[in-house]
Amino acid sequence: MIKTHPRKAAVLYGQAMETFMAVICCDNDIAFDRPKDLTSINMIGVAYSYGVISKYEKEVLDDIRYFAYMAQHPKLMEKNLDTRTVLDKVIRFYGIVMRYYHLENESYSEDALSIGNCNIISILKDFEMDTAFDKVYLGTDEDSFSIIAQYIKHRSPLSDEVFAYMENADFKKQFSSCGQVLPPEVVPSDENNDMIFVKTVIPSGYVKLVSDDFLELYTEQRLKYIEKLAMILYQLHFDKNPLSLGGFTLDDLWISYKNMTPAISGIESRIGMYARESLCYLGKYELMDVKSFAVICACLFPEYEEIPVAGLLIKHALLGSEKAAMDKICALLKKEAKKHSFESKQLKDISGESPYEKYQRLQNGRVSPVNSTGKSESEPRADEDFDEMYNKIFS
């Protein structure tokens, strides 16, 4: 409530404060002659005059009482209550409650506050200078998971631009054709709040893709996942309303082990890319998707190198070639993989390097394995012999 509907939260904390004061008065044998005297302003005043609460505590409690009253009468307010205003007041109130009940070992964290119907499990990402979001959370949403990106006003010029865009954006329409690229939605909240939350609901049955879990999977299982991932990106890039993700990471991937089906999250934290509508159609963002796919493929399905043409395309995508598009990779991967006879092996039996270590290395641009001297082996230039190979195959 604090994060999404601060006005309602203000009213609820006003009620909580009244209950807190009733307990204090009861514990200190403060009695009132008439029921109508049992008001928050009277309880606070009498408790202060009896020396039960300090002047500072009286100010905090009066502040809670006042802003709860104003939230119930918004026409009297000079400005709207927003999340930051409510949080500042509630944190001070929380401190008083903790001191009164001698729970100094308890700590208050606004990051633990639920968002909409989602209970927060952990923080996945924090604000960085080139991002519009403030934080990205992992949460539980009924019987599944959710990824929630938090945007806050005045975090940066980019965040304000994106914030203004999201206040009127129609994500349902814009991302309607995403399929297994999970579309985001704005969590309902009060108007003129200083925070907006964008949520992606993970379908039931999907779990986070953990690279080490792939160590136990056999070649045919991993190939099935990679083929489906390639098809998702192909459909995204070549839809009648094409989109690109601007790259994605291992952390954005989910999997249903029942049928080895992938799903991709992450749009919720990349809204800045879509704030300028034309950017999502530019080729450089598609190339970033292709590079991301190539890195994932190399980590989870190192057997790709055995596939003649598709393997070469993926290899050159790792090196940054601009001609390794998803339509060619997807078509060739599906066609050639059917003809190729792979030896069925678990990933852990193929390479001594863990998938996560390999992913980190490839993300840092080191395509060749590290040799015994600790240095990368020589790497070919991205365009080395590629134009000639490409023209022979596709011309």
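Residues numbered from 1 in each chain as written. Predicted model: local features only at pLDDT ≥ 70, side-chain atom pairs only at ≥ 80, totals over all residues. Heavy atoms only, no water.

## Quick look at the overall build of the chain
And then number 1: Counting its regular elements, the chain contains 13 helices and eight strands.
And then number 2: Considering the chain as a whole, with its 395 residues, one finds that 46% of them fall into the buried category.
And then number 3: A separation threshold of at least 6 residues defines the contact pool for the chain, and within that pool the share at least 24 residues apart is 66%.
And then number 4: Carbon and sulfur atoms make up 50% of the accessible area of the chain, which totals about 20300 Å². (Helix = DSSP H or I, 4+ residues; strand = E, 2+ residues; numbered from the N terminus. Buried < 20%, exposed > 50% of the residue type's maximum accessible area, 1.4 Å probe, protein only. Contact = heavy atoms within 4.5 Å. Areas by Shrake-Rupley, 256 points an atom, 1.4 Å probe, with all protein chains shown as cover.)

## Notes on the packing of aromatic side chains
And then number 1: Following the criterion strictly, the structure yields eight aromatic pairs and no others.
And then number 2: Both rings, one in Tyr-234 and one in Phe-238, keep their centres 5.3 Å apart while their planes meet at 35°; by these two values the pair is tilted.
And then number 3: The structure contains a cluster of three or more aromatic residues connected by ring pairs, namely Tyr-13, Phe-20, Phe-93 and Tyr-100.
And then number 4: When the ring centre of Phe-67 is taken as reference, the NZ or CZ atom of Lys-89 above it lies at 5.8 Å.
And then number 5: Taking NZ or CZ as reference, Arg-155 lies 4.4 Å from the ring centre of Phe-127, over its face. (Phe/Tyr/Trp six-rings, centres within 6.5 Å; stacked < 30°, edge-to-face > 60°. Lys NZ or Arg CZ within 6 Å of the ring centre and 35° of its normal.)

## Remarks on the confidence of the model for the chain
And then number 1: When pLDDT is averaged along the chain, the result is 84; 89% of the residues meet or exceed 70.
And then number 2: Under a pLDDT of 50 for its full length, residues 370–383 has, in the predicted model, 21 contacts with residues more than four places off or in other chains. (pLDDT = per-residue confidence, 0-100.)

## A short note on the pairing of strand β5 (residues 195–201)
And then number 1: The element β5 is extensively covered by neighbouring structure, given that six of its seven residues are classed as buried.
And then number 2: One ladder, built from seven bridges, connects strand β3 (residues 144–152) with β5; its direction is antiparallel. Looking at β5, one finds that Ile-152 is bridged to Met-195.
And then number 3: Of the pairings in the sheet, the one linking strand β4 (residues 185–186) to β5 comprises two bridges and is antiparallel in character. Bridging across to β5, Val-186 finds its partner in Val-198. (Pairing = 2+ DSSP bridges.)

## Re the packing of helix α9 (residues 283–300) against helix α10 (residues 308–318)
And then number 1: It is at 8 Å that the axes of α9 and α10 come closest, and there the two elements cross at 115°. Our classification of the angle between α9 and α10 gives roughly perpendicular. Both α9 and α10 take part in a crossing whose hand is left-handed. Residues Val-290, Lys-291, Phe-293, Ala-294, Val-295, Cys-297 and Ala-298 of α9 pack against Ile-314, Ala-317 and Leu-318 of α10.
And then number 2: The residue inventory of the contact of α9 with α10, partitioned by class, reads nine nonpolar, no polar and one charged. (Axes fitted to C-alpha atoms, helices over the stretch in contact; angles between N-to-C directions. Parallel < 35°, antiparallel > 145°, perpendicular 65-115°, else oblique. Left-handed = near helix turned anticlockwise from the far one by under 90°. Nonpolar A, V, L, I, M, F, W, Y, C, P; charged D, E, K, R; others polar.)

## Section: the sheet that holds strand β1 (residues 119–126)
And then number 1: Strand order in the open sheet made by the five strands is β1-β2-β3-β5-β4, with antiparallel pairing throughout. Each edge of the sheet is formed by a strand with only one pairing partner; in this case those strands are β1 and β4.
And then number 2: Seen against the sheet, helix α5 (residues 157–166) touches β3, β4 and β5 and runs at an angle of roughly 120° to β3.

## Focus: the packing of α9 against helix α12 (residues 355–363)
And then number 1: Remark: α9 packs on α12, axes separated minimally by 9 Å, with the N-to-C direction vectors making an angle of 150°. Taken together, the axis directions place α9 and α12 in an arrangement best described as roughly antiparallel. Where α9 crosses over α12, the two elements pack in a sense that is right-handed. Counted together, Val-295, Ile-296, Ala-298, Cys-299 and Leu-300 of α9 and Pro-355, Lys-358, Tyr-359, Leu-362 and Gln-363 of α12 form the full contact between these two elements.
And then number 2: Per-class residue counts for the contact of α9 with α12 are eight nonpolar, one polar and one charged.

## What to know about the nonpolar core
And then number 1: Within the largest apolar cluster, 75 residues are counted, with the highest numbers of intra-cluster contacts made by Tyr-151 and Phe-293.
And then number 2: Broken down by element, this core gets its largest block of residues, ten residues, from α9.
And then number 3: For Phe-293, the contacting residues outside a window of four places in its chain are Ile-226, Leu-229, Ala-230, Leu-233, Phe-248, Ile-314, Met-326, Ile-329 and Leu-333.
And then number 4: Among the nonpolar cores identified, the runner-up in size contains 31 residues, and Ile-2, Phe-20, Met-43 and Ile-44 belong to it. (Core = buried A, V, L, I, M, F, W, Y, C linked by side-chain atoms within 4.5 Å.)

## What about the pattern of salt bridges?
And then number 1: This model, assessed by the stated rule, comprises 16 salt bridges.
And then number 2: The salt bridge involving Glu-303 is made with Arg-222; its shortest N-O contact spans 2.7 Å. Note that Glu-303 is positioned in the loop between α9 and α10 and Arg-222 in helix α7 (residues 219–237), a separation of 81 residues in sequence.
And then number 3: The residue Asp-252 makes a salt bridge to Arg-270 at a minimum N-O spacing of 2.7 Å. Of the two residues, Asp-252 is situated in the loop between α7 and β7 (253–256) and Arg-270 in the loop between β8 (261–264) and α8 (271–275); the sequence distance between them amounts to 18 residues. Like Asp-252, the residue Arg-270 is buried in the burial classification.
And then number 4: Put simply, Asp-111, Asp-134, Lys-135 and Arg-155 are held in one network by salt bridges that share partners. (Salt bridge = Lys/Arg side-chain N within 4 Å of Asp/Glu carboxyl O.)

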